[in-house]
Structures are given as C-alpha cells and as structure tokens.
Amino acid sequence: MFLDKKLFIPGPVDVLPDVATQCALPMVGHRSKDYAELHGQLVERLKKVMHTQNKVFLSATSSTGWMEAAVRNCVGKKALHVVNGAFSKRWYEISLACDKKADKIDIPWGSAAKPADVKVKLDSGEYDALFITHNETSTCAMTPLDGFGEICKKNNVLLCVDAVSSMCGVKIEVDRLGIDVLVTGTQKCFGVAPGLAMTAVSQAVLDRSKIMKDKGFYFDYMQYLKHDAKNNTPSTPPIPQMNSLNYQLGKIMKVEGLENRFKRHREMAEYTRAWAKKNFALYTEEWCSSDTVTCIVNNRNIDLGTLSSRLSDKGYAFSNGYGDLKGKVFRVPHMADRTMDDLKEYLETIEKIVGPRP
Ligand SMILES: *Cc1c(COP(=O)(O)O)cnc(C)c1O
C-alpha cells in the first residue's frame, strides 16, 4: 500500500512537505499577540488572492460551513439558486434546511448559467440573494462570472459565489465582479490541509446581516466582524492550517507568482482537455470547462473500479464521477501544486492501462 499516493482527486489535494510542516509549529493561544499578527498577515494575503478590499473571515469549518453562513446571513425574502451539479444542488438544499424560501434554476449538467438566465427572475423583485457555484467540481463546469454582479446590484440582490475548488487556481476578482459573498477553503487550489475555510463579505452583506433574524450563533457574521477588528475569531481557529496557509501564500507570492499560478492551471487544463478528446470525450461544454479539474466521458465503457485499483497499485488516487455520474465519467484534477510533469505521467499511466483508443 502506498501511504504517499499522489492524489488525483479534486480535494483534499497533496500538500507540499514544506507547507505541511508549518502545521507542526508550536501552538499559540488565539487571544495572544502572536496570534493576532498571524491572523492579520494571513487576511491581508487572502485579500490579494481574492482581489478584494472586503472583510475576510476565517473559521474552523469545512467550506460547507460558510455556504450555510451565506444563506443564514443573506436571505430575508427568497433565495435564487443556479443548480448545474451536485455542489450547487447542495447549496439549494442548505437554503431549504435553513427554512428559507428558495427557488432554483436548473441548468443542464455539464453546462453553466449566463447572466441572461437569471435576469428575468431577479428583475421580478422577489429575491434578495443569488447563489452560483463558480466551479462545479462534480461536472467540471466553470461559470464565467462577468455580468451577474450588475444584475444583482440593480435589484438589491446579494451575489453569493462558491469558489471552493477554483480560488487560488483561477483569477477571481471579487470586487470587480461585484461578488458579495465568496466562499472557499484550504484543501483544493490553495494546496493546504483541510480544516480551515475562508469567506469574503461585502459591506452590503454586513448591512443585511445586522438586521437579519434567525442567523443562529456559530455563523453570525456580526460575531466575526466584532472579532475581526482585533485580528481575531469568535471561537478557536485552526491555527495549524492558518500557519500553513500563511506560509503557502507568502511562498506563492514570492516564488511562483499569482499570475503564473493561474497560468499553470490553465495550461494543465488545456493539456488535459486535448488528451481527453484524443482518448475519450469531454463531458463539459468547452466554453465553460474548468481550469482546475476536467470531467471525461467514459465512452469506452471501461470498468472504472478496475482502473482505479490498477492506478492505486501504481501509487495514484483516482477520481471517479461524482454522485449520479459515477461510472459514466471520471475526473482529472489539475490543481494546487500539481505540476505539468506529474499530470503527463498520470495521463500516460492511464493510457498504458486502458490501451489506445480502438
Ligand atoms: C469541495 C467543494 C465543496 C465542499 O467543501 P467542504 O470543504 O468539503 O465543505 C463545496 N463546493 C465545491 C464546488 C467544492 O468543490
């Protein structure tokens, strides 16, 4: 058994040894000056990655926690959810579980919404929050976000975006795009261990949250805002992951460069798509195909369970289709600190196992 399998799954991803080691730094109390320094520096670095001046909150939750927070703090009248895969469906279900009024717009899986798809509904004035999954990890569809912000702003609708599997691998300019809530986490494109999730919230969101009822306690933005003023969190934060992420972002900015990181993700995506077209077929419509993970149709009816165990023997963790797509598609992630050489080697290994296309 390989204990150090290369994880070709879309999260959690492999963490580079120097980044992982940061998790083992001596612990500090979260009300100490040392902690405040770490918190402040990390938040400033995250703002650069997110291209935002908005508040950035940190919590010891997985990203789904901040998805629920967005619902609880932003939806007063009614939520509108774009659903084009399993994670966007989850967000809709979170709204219902929080007892919110919510509608969904179903977009075919493998495709993405365009601003025109939400315009008529939002112009009706019924809604006060729109939820979009930027990078649908289940279908590998990445939604171009331009144009949604304007429609939302005009209608006093808060734009909430899940960028869990794209932020730090793809350039997402939160302020320019008018994103009110941005949700992300450490274990995908950031290349850090799971356990810390990050969210950026606009002033409009804070104004809404202030008067919102039934927010519960743990995810009340007002609690985070109060503690943000002291570079702190309402309850104990995941300090090991924060050390690791702070180091990782410092290194990305100094060594690779953010723009180069985005470029590397795009190049690996292009390589993977070309490989997929040669050997199988692409599942996702090309205009909205993801830069961080590629979904490939199993049009040769290969037994993906067998492929998975053959790859496992060679030291790779393989990613089958998610949920209903299991067996029908498989996914090749190319995110975080994955290199083009790693990726080529993995795809060649698959080719060797399944043979050339008949
Ligand atoms: C992974 C993922 C999530 C869930 O993240 P957790 O950290 O497991 O809660 C949500 N949305 C998308 C698009 C994801 O890829």
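The structure reproduced in this document is the subject of the present report. (Residues numbered from 1 in each chain as written. Predicted model: local features only at pLDDT ≥ 70, side-chain atom pairs only at ≥ 80, totals over all residues. Heavy atoms only, no water.)

Turning next to the sheet that holds strand β10 (residues 197-201). Within a sheet, each strand pairs with its neighbour through backbone hydrogen bonds, oriented either parallel or antiparallel. Within the open sheet, the seven strands sit side by side as β2-β10-β9-β8-β5-β3-β4. Their pairing is mixed. Of all strands in the sheet, those with a lone pairing partner are β2 (55-59) and β4 (102-106), marking the two edges. Neighbour-to-neighbour, the strand axes of the sheet open up by a mean angle of 20°, direction not taken into account. Where strand β3 (residues 79-83) meets strand β5 (residues 129-133), three bridges bridge the pair, whose relative direction is parallel. Counted as the bridge partner of His81 is Phe131 from β5. Its contacts with the sheet put helix α2 (residues 33-50) on β2, β9 (181-185) and β10, and the angle it makes with β2 is roughly 120°. Strand contacts of helix α4 (residues 86-97): β3, β4, β5, β8 (158-162) and β9, with the helix running at about 160° to β3, the strand carrying the most contacts. (Pairing = 2+ DSSP bridges. Helix = DSSP H or I, 4+ residues; strand = E, 2+ residues; numbered from the N terminus. Axes fitted to C-alpha atoms, helices over the stretch in contact; angles between N-to-C directions. Contact = heavy atoms within 4.5 Å.)

Our focus in this paragraph is the pairing of β5. Counting buried positions along β5 gives five out of five residues, so the element sits mostly inside the fold. The sheet contact formed by β5 and β8 spans five bridges and is parallel. Looking at the pairing, Phe131 lines up with Cys160 of β8. (Buried < 20%, exposed > 50% of the residue type's maximum accessible area, 1.4 Å probe, protein only.)

Along strand β15 (residues 329-333), five of the five residues are buried, which leaves the element largely enclosed by surrounding structure. Both faces of β15 are covered, namely the face carrying Val329, Arg331 and Pro333 and the face carrying Phe330 and Val332. For strand β12 (residues 293-297) and β15, the ladder comprises five bridges, and the chain directions are antiparallel. Across the sheet, the residue bridging to Val293 is Pro333, located in β15.

The strand order across the open sheet built from four strands is β11-β12-β15-β14, with neighbouring strands paired in antiparallel fashion. Every other strand in the sheet has two partners, leaving β11 (281-282) and β14 (319-320) as the edge strands with one partner each. Contacts from helix α11 (residues 258-279) reach β11, β12 and β15 within the one sheet, and its direction differs from that of β12 by about 5°. Set on the sheet, helix α13 (residues 340-354) makes contact with β14 and β15; between it and β15 the angle comes to about 155°.

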